[in-house]
Protein chains: 2
Amino acid sequence: MKNFDFHNPTHILFGKGRIADLNEHVPVDAKVLIIYGGGSAERTGVLGQVRAALTGRTLVEFGGIEPNPHYATTLNAIQVINDNDITFLLAVGGGSVIDATKFIAAAALYDGDPWEILTSGGSNIKAAMPFGTVLTLPATGSEMNSGAVITDPDKVAKLAFRSPYCYPLFSVLDPEITYTLPARQVANGVVDSFVHIVEQYLTYPSAAYVQDGFAESMLRTLIKLGPKALETPEDYDIRANLMWIATLALNGLIGAGVPQDWASHMIGHEITALNNTDHARTLAVVLPSLMNDQREHKHDKLLQYASNVWGINEGSDDVRIDAAIMATRAFFEKLGIKTRLSDYDIGAPEIERIITDLKAHGMTALGERHDISPTDVRRILEASL
Amino acid sequence: MKNFDFHNPTHILFGKGRIADLNEHVPVDAKVLIIYGGGSAERTGVLGQVRAALTGRTLVEFGGIEPNPHYATTLNAIQVINDNDITFLLAVGGGSVIDATKFIAAAALYDGDPWEILTSGGSNIKAAMPFGTVLTLPATGSEMNSGAVITDPDKVAKLAFRSPYCYPLFSVLDPEITYTLPARQVANGVVDSFVHIVEQYLTYPSAAYVQDGFAESMLRTLIKLGPKALETPEDYDIRANLMWIATLALNGLIGAGVPQDWASHMIGHEITALNNTDHARTLAVVLPSLMNDQREHKHDKLLQYASNVWGINEGSDDVRIDAAIMATRAFFEKLGIKTRLSDYDIGAPEIERIITDLKAHGMTALGERHDISPTDVRRILEASL
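All chains use their own residue numbering, which begins from 1 and follows the written sequence. To label them, take the chains in the order written and letter them from A, then take the ligands in the order written and number them from 1. Residue-level local features of this predicted model are given only where pLDDT is at least 70; pairs of side-chain atoms are given and counted only at 80 or more, and the full residue set underlies all totals for whole chains, interfaces and linings. Water and hydrogen atoms were dropped before computing side-chain values, which therefore reflect all heavy atoms in the structure.

A. Structural detail: the sheet that holds strand β2 (residues 31-36) of chain B. Pairing between two strands is assigned when DSSP locates at least 2 bridges connecting them. Secondary structure elements follow DSSP: runs of H or I of four or more residues count as helices, runs of E of two or more count as strands, with numbering from the N terminus. Read across the sheet, 12 strands follow the order β3(A)-β2(A)-β4(A)-β5(A)-β8(A)-β1(A)-β1(B)-β8(B)-β5(B)-β4(B)-β2(B)-β3(B) without closing on themselves; strand pairing throughout is mixed. One side of each edge strand has no neighbouring strand; the edge strands of this open sheet are β3 (58-62) of chain A together with β3 (58-62) of chain B. In this sheet, adjacent strand axes meet at a mean angle of 25° when their direction is disregarded. Where strand β1 (residues 4-14) of chain A meets strand β8 (residues 170-173) of chain A, 4 bridges bridge the pair, whose relative direction is parallel. Residue pairing in the sheet places L13 of chain A in a bridge with V172 of chain A of β8 of chain A. Against the sheet, helix α3 (residues 46-53) of chain A makes contact with β2 (31-36), β3, β4 (88-93) and β5 (131-135) of chain A, and its axis sits at roughly 155° relative to β4 of chain A, the strand it touches most. To define axes, lines are fitted to C-alpha atoms, for helices over the stretch in contact only, and angles between the resulting N-to-C directions are given on a 0 to 180 degree scale. Residue contacts are defined here by distance: any two heavy atoms, one from each residue, within 4.5 Å place the two residues in contact.

B. Focus on the relation of the copies chain A and chain B. Overlay of chain A on chain B (RMSD 0.0 Å): rotation 180°, translation along the axis 0.0 Å. Read as a symmetry element, the transformation amounts to a two-fold axis. In terms of C-alpha distance to the rotation axis, chain A has P9 of chain A as its closest residue, with the C-alpha 2.2 Å off the axis. The fraction of interface residues of chain A whose copies in chain B are also interface residues reaches 100%, indicating that both copies meet through the same surface. Least squares is used to superpose the copies, and the fit set is the C-alpha atoms of residues whose pLDDT is at least 70 in both copies.

C. Examining the packing of aromatic side chains more closely. We call Phe, Tyr and Trp rings a pair once their centres come within 6.5 Å, taking the six-membered ring for Trp, and we label the pair stacked below 30 degrees between planes, edge-to-face above 60, and tilted otherwise. The tally for this structure, following the rule as stated, stands at 29 aromatic pairs over all chains. Judged by centre distance (3.9 Å) and plane angle (5°), the rings of F214 of chain A and F214 of chain B are stacked. Highlighted residues: F214 of chain A in helix α8 (residues 209-231) and F214 of chain B in helix α8 (residues 209-231), drawn from two different chains. Accessibility expressed as a relative area gives 1% for F214 of chain A, which makes it buried. The interplanar angle of 65° and the centroid separation of 5.7 Å between the aromatic rings of F103 of chain B and F161 of chain B together place this pair among those described as edge-to-face. In this pair, F103 of chain B sits in helix α5 (residues 95-107) while F161 of chain B sits in strand β7 (residues 157-162), placing the two residues 58 residues apart along the sequence. Just as F103 of chain B is buried, F161 of chain B falls in that class too. Buried means the residue's accessible area, taken with a 1.4 Å probe over protein chains only, is under 20% of the maximum for its type, while exposed means over 50%, and partly exposed covers the values in between.

D. Here's a closer look at the interface of chain A and chain B. With 38 residues of chain A in contact, the opposing surface of chain B contributes 38 residues. Across the interface of chain A and chain B, roughly 3,200 Å² is buried in total on both sides, 58% from carbon and sulfur atoms. With its nearest N and O atoms 2.6 Å apart, the salt bridge here joins R18 of chain B to D5 of chain A. Contacts described as polar in this section are N or O atom pairs within 3.5 Å, which, within protein, must combine one atom able to donate a hydrogen with one able to accept it, while residues neighboring in sequence count only if both atoms come from side chains. At the boundary of chain A and chain B, one finds 24 residue pairs in polar contact (both at pLDDT 80 or more). At the level of secondary structure, the elements contributing two or more residues to the side of chain A that touches chain B comprise β1, α8 and α9 (236-248) of chain A. Tallying contributions element by element places β1 of chain A first for the side of chain A that touches chain B, with 11 residues. Where β1 of chain A meets strand β1 (residues 4-14) of chain B, 7 bridges bridge the pair, whose relative direction is antiparallel. Counted as the bridge partner of L13 of chain A is D5 of chain B from β1 of chain B. Here the quantity called buried area is the total loss of accessible area, with a 1.4 Å probe, experienced by two parts when brought into contact, counted for both. The working definition used for a salt bridge is a side-chain nitrogen of Lys or Arg within 4 Å of a carboxyl oxygen of Asp or Glu.

Put into structure tokens, the structure is as follows:
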């Protein structure tokens, strides 16, 4: 096991009816900016619950955060904060809204060009406004970590940052408010959680039996519950487990003390920046191809994954590894998520653009060994056409 | 899954050489009281490492915290704090030292008779001094939770409290400093961790698949690594996994959203208060007998435990449950820990005293259903003679 720090101060309020508890967690004298995305937050009644819980406080609302939130939009939110002397931010939405809120919280107090936050990866953040979240879409884990990703479509750039100042003070996780999510978003969330776990697990053995056991347990549960969540959307226990897994998949717990990959995410980000394909869908395309391509490097962990996650124990090493990769692809497809680049109108010319963009963003040494080059990425993408 | 709050702000510094990082986590202008137990902290060089890391700060030392720390000793520490204008506490030791430090941190700022903290279960704590810990004995999980247990031998009382003010700011977990622990303490720590997990797992099904999966994974790892830790004390990865499990077993994670038992702990506390038997040993006596006695109430989870923890899948329900209980008892014995009351010089008269003390401390409705009465406890203890 490697040395690690684990420090996650976010307070999770989990369960039915917990939005009402905002009243205890947002200061009574706060001037609150409620940040949200599209119309669903209003339509589903979540914004109504939030307003009711915050009765007595000054509330200003800022909607319109896009999926893969845009840099320009966050700058508009900062203007609203300054115009209204806002003291507290509340994100109501999924990962995009929460990511945008983290950036807004840091950029509002940043002395300089906020773009520098992104080019520095967040290392130059020295303060952030206090903020909480009400999670409506379990997927990214942003509700209990300190990282975020912001997109600038003009620059074809999707850049990540993190900072210890960017943990939410609290996050409300009410599984019941996920009942009305479109199947597409539920499936995306399951795949996003799955790949988050895999990126911290499927590397090389590091004698981190605790972390491996947690990862395998969550993967098995996603495989079992993911399809059921689509069949019976109002099964509370299924939604509760999926919601809690999405959070635990990327809150630092299973990544503590182990090597991490993240190549699929970095490649996937470029695909999204290129043609706005859903984040989770880019992962479902890249991961199986990357597993196959990196089967030498990931050999021991692929066999462990085959056995402990999929119960595949028969045949030669290669047969078991093939079966595990095939099972992974079939799981994504069962959730209604296509796993080939051609399913998303991406061909050879777009692959060249992705390679160019990866290089431009410094992503030239990916993977747990920092040895996946642009040439390797081209091969991985060509195999997933 | 039940509603839950999860909020654990303790910063974990895990790995080799991390004691040196105290320098970054204890304020440079602090007047530090280093609180420890017996001579081993000095003998093993841990106190030396701590002093070196804290160079430049005013250091006062307070040794002599007992196993099952005594109320009177904590009052002496508070006197030292007041006499020396101490501003920061650093616990260097195992659960007893950390528990004592939590109580000292709260009692030093308590306006009234500190005994009230214990009789209120900690609910009247409104502040505590800042404190960190250097863990030398993985077992109780106290390094990453807000609870503690204090004993008053004169009153034959061992009382627990918890408070959100009593989380350590940080805890240093260096597996290498556990190499020199006596085998007895290593075995105790494994059993203590094991029973902590079981008390939050072996109740009744609550569709908490995540928590169940984490619990089962940690139990399997303890079963595999516990005996090896005694055979090869300087195997870093074994010690690292055991240390991290001891912490995760009682930091709120696997207990979030599930029913909890704690009957074995409450009964065990009275045994320790009676004749000072090691805490873990009292658990190794009570748990197997309680599992057997409560086999109706715990039926479904006992079968799940048999299958997922021990791989026992053959035979009738009763056969599998018997086999799982027998395997549990054999595991404790393999670690060198006896599992019968008679092994600890406890007979029928002492059982009566334990029952009397449980009643005196209000422990008359134990277990996940609050229906284990003193009469039930008598039967459980008589079966473990």
